[in-house]
Structures are given as C-alpha cells and as structure tokens.
Amino acid sequence: MVDLLGYGEKDSTQQSIVTLAVIGLLSLFLFVWLDLGSLLEATSPSFESSSFPLVLVLIWRLSCFLVCLRAVVFMWLMKTGTMHVIDHENRQERLVHPLKWEKFVTFSSWTLLVTLLYFLTSVVASFSSLFDLSIPSLLASSQVALFSTAIGAAFLTSTVVRLVILPGEVRIRRNHDHQFFFHNQIMHNFAAVFLTVEILIVQPDLHAAFSLFGLMFGLLYALFAYPFAFFWKGYYVYGFIDPRLRFAPLLQTGLASAVSLFYIGLWLGSEVVSRNWVLGSILLLFWVSRIVQFKSSLPRELEL
C-alpha cells in the first residue's frame, strides 16, 4: 500500500510550490475565459427571490449570521484549546493549545469565516431588497461567490470530520470532547446544515463554473500552510499539508480540488431541487444526515 503521508529521500517543497502556482494560474485563466464576473452578476438576483416571504428569509439569514458570529467570538474568548499537529522540525505529532487568533488557522475555521461572510452579505442584500434599496454589484457578486465557496468547504469539512477524524479518535480511544464544543459544532455540523437550508428556501441559480471558487479557496489554504509552519508557528495543522511529503503535490492538488468536487455535487442537488423540490430536499437532507455528528461515540468512561 502506498504511504501518501511518508517523506521521501528528497524534499518535495519545490514541486509543491510549482504545482500550486500552476493551479493558481489555471484558475485565473479560467476565471477570465469563463467570464465569471459577469456570470456572478447575472446570478445574484436569484439569491433575493424565494417562494418564501422575503422577511422570513431575512430573519433566517440574520439568525445564521448571529450564530456564526457567536461561534467566532466564542473561539476568540476561549481560554483553552486543543490541537494535535505535526511539528515542522521533527515531523512528529505534538499537542498544542492555541488561543485567540491561532484558533483560526484550521481549514474548519476558514470554512466558518467564509460562511459568516456569506450570511453577512446575504443579510445586507436581503435588507436592501426588502426596503427596495439598490444592491451594489460588488456586494451581489460577492454573495454568490462566497456561497459557492462556503457550501463546498462546509460539506468537505463535515465529511472529513465525520468519516475520518472522529473515527480515528475513536480507533485510538482518545478523548475528543473538544470536537463537540459550541464553535466546533458550528464549523463541523451546522455550517453545512445552514447552507443546505439556504438552497431549499432560496433555490439560487447555481452554475457548475462556480466550482472554481472552491478550487481557489483550497489553493489559498495550501499556500498559507507552509509559511505558517516554516516562518511563523512551526507546525502543520494537518499532516497531509506538509509540502515536503513524497506525494505532497498530489495531496495539495487533492485538497484544492476537493472543495470544487463537493460543490459540483451540491450544484447537481440544487438542480434536482429546482425541478422537484420534495425529491431534492430528501436527497440533500439525507446527504447532510450522513456527514454530521453531534456527540462523541466513545464509551462513556473514556469521555470523562
């Protein structure tokens, strides 16, 4: 079996950087070639039209924004933190206790922040629509791009936590109660739930091309991870993000592509919703139910 997380005789950092640069250039080319700026602007009105009363949509979006904001504040104010990370120097796992800004270096926290920004823009846009105010084109386009990014990232985060991280913690019988604190529940579970409900009540006009925003989001996180470890705090939040790994270029391409792939699945789900709301709702809600977990599955005596 190939060890994707193993280190080779040679450092793969240079190949990793070249790979990410190629992905970045390709993303910029596609953004211009597909004229995504115009497509975003043309799509934005669908985010303010709904079969539900607009005032209810505004209340829903405001509620989601406040919950996400509360999670961010909760993370910042917490006096404790627990992360198992990979040390840059010795390449071994170690335990760190991040506080304040250092809690926002995980992919999950980036997902929370982009979800927060989406609901912020959607609240402003809904408020403007409700009171017949003009919505600035930049705000309207940002709303669409943020949603496309957030929903792919949220589903990727929930899936990895539910199917990889939590089973791994159970397998080694390690207490992981911290995974179910309020802010983690929002990042790992409710972000995906909130954004799924958004599809069901708003039924926005999504496009497959918007998967490019997920690619860019994954690329930005991969570009952030190495300087954070090398120049700043000396560790990688995730072992697979280390650019020195033998298969690092493949792994980082996978991370950058994964958000896009999840978005494509959700775009297909939204297409089903637009044609048959009941069937689409069942499919999306079933998908969400398989990737969320709200409490530990460890034996009771190990949770204490």
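What you see is a predicted model; the values in this text were computed from it and never measured.

S.K.: How would you summarise the packing of aromatic side chains if you had to cite specific residues and measurements?
M.R.: Aromatic rings in a pair are described by how distant their centres are and how their planes are angled relative to each other. All told, the structure shown has 23 aromatic pairs when counted by the stated rule. Aromatic pair Phe 31 and Phe 213: ring centres 6.2 Å apart, planes at 80°, arrangement edge-to-face. One end of the pair, Phe 31, is in helix α1 (residues 13-33); the other, Phe 213, is in helix α7 (residues 211-232), with 182 residues separating them in the sequence. Judged by relative accessible area, which is 29%, Phe 31 ranks as partly exposed. What makes Phe 213 buried here is its relative accessible area of 10%. Grouping aromatic residues by their ring pairs yields a cluster made of Phe 47, Trp 60, Tyr 118, Phe 119, Phe 147, Phe 190, Phe 194 and Phe 294.

S.K.: Go over the environment of Val 55 with me, naming the residues and quoting the values.
M.R.: Examined against the element boundaries, Val 55 turns out to sit in helix α3 (residues 54-77). With a relative accessible area of 39%, Val 55 lands in the partly exposed category. Separated by 75 residues in the primary sequence, Val 55 and Leu 130 have C-alpha atoms spaced 7.0 Å apart.

S.K.: Would you mind going over the pairing of strand β1 (residues 83-87) in detail, with residue names and values included?
M.R.: The element β1 is extensively covered by neighbouring structure, given that four of its five residues are classed as buried. As defined by bridge partners, β1 adjoins strand β2 (residues 93-96) across four bridges and the pair is classed as antiparallel. Paired with Ile 86 across the bridge in β2 is Glu 93. Connecting β1 to the antiparallel partner β2 that follows it, the hairpin turn spans five residues, and Arg 91 within it adopts a positive phi of roughly 60°. By the bridge criterion, two bridges tie β1 to strand β3 (residues 235-236) in an arrangement that is antiparallel. Looking at the pairing, Ile 86 lines up with Tyr 236 of β3.

S.K.: Break down unusual backbone geometry for me, with residues and values.
M.R.: Backbone phi values are negative for most residues with the exception of glycine, while trans is the configuration of most peptide bonds. One non-glycine residue, Asp 35, lies in the positive phi region at around 50°. Structurally, the position occupied by Asp 35 is in the loop between α1 and α2 (36-43). Overall, the relative accessible area of 41% leaves Asp 35 in the partly exposed class.

S.K.: Give me empty space enclosed by the protein: which residues, what numbers.
M.R.: Unoccupied space between atoms shows up once a probe the size of one water molecule is rolled over them. By the definition in use, this model includes two cavities of 30 Å³ or more. What lines the largest cavity is a set of 13 residues, among which Val 161, Leu 166, His 188, Asn 189 and Gln 293 lie closest to the centre. Those elements that place two or more of their residues in the lining of the largest cavity are α5 (137-171) and α6 (182-202). Among the residues making up the lining of the largest cavity, the classes are represented as five nonpolar, seven polar and one charged.

S.K.: Outline the environment of Ser 270, supporting the account with residue identities and numerical values.
M.R.: Examined against the element boundaries, Ser 270 turns out to sit in helix α8 (residues 248-275). In contact with Ser 270, not counting residues within four places along its chain, are Ile 199 and Leu 206.

S.K.: So what's going on with α8? Residues and values would help.
M.R.: Working note: α-helix, 3.6 residues per turn, so residues spaced by three or four point in the same direction. Spanning 28 residues, α8 covers 41 Å between terminal C-alpha atoms, matching the ideal 40 Å at 1.5 Å per step. The largest bend in α8 amounts to roughly 30° and is located at Ser 257.

S.K.: Give me the lowdown on the pattern of salt bridges, citing residues and values where you can.
M.R.: Using the criterion set out here, one finds three salt bridges in the structure. Put simply, Arg 61 and Glu 48 hold a salt bridge, and the shortest N to O gap is 3.3 Å. Of this pair, Arg 61 sits in helix α3 while Glu 48 sits in the loop between α2 and α3, and the two are 13 residues apart along the sequence. For Glu 198, the salt bridge identified is with Arg 61, shortest N-O distance 2.6 Å. Taken as a pair, Glu 198 in helix α6 and Arg 61 in helix α3 lie far apart in primary sequence, 137 residues in all. Residue class for Glu 198 comes out buried when judged on its relative accessible area of 0%. The exposure class of Arg 61 is buried, given its relative accessible area of 0%. The structure contains a network of salt bridges with shared partners spanning Glu 48, Arg 61 and Glu 198.

Here is what the cut-offs are and how they apply
Residues numbered from 1 in each chain as written. Predicted model: local features only at pLDDT ≥ 70, side-chain atom pairs only at ≥ 80, totals over all residues. Heavy atoms only, no water. Phe/Tyr/Trp six-rings, centres within 6.5 Å; stacked < 30°, edge-to-face > 60°. Helix = DSSP H or I, 4+ residues; strand = E, 2+ residues; numbered from the N terminus. Buried < 20%, exposed > 50% of the residue type's maximum accessible area, 1.4 Å probe, protein only. Pairing = 2+ DSSP bridges. 1 Å grid on protein atoms, 1.4 Å probe; cavity = no way out; pocket = protein on both sides within 12 Å on 5 of 7 lines; lining within 4 Å. Points joined across faces, edges and corners; volume = space filled by probe spheres on them. Nonpolar A, V, L, I, M, F, W, Y, C, P; charged D, E, K, R; others polar. Contact = heavy atoms within 4.5 Å. Expected span 1.5 Å × (residues − 1). Bend = angle between axes of the 7 residues up to and from the residue. Salt bridge = Lys/Arg side-chain N within 4 Å of Asp/Glu carboxyl O.

Everything listed here is a matter of coordinates, which is why it stays silent on function.
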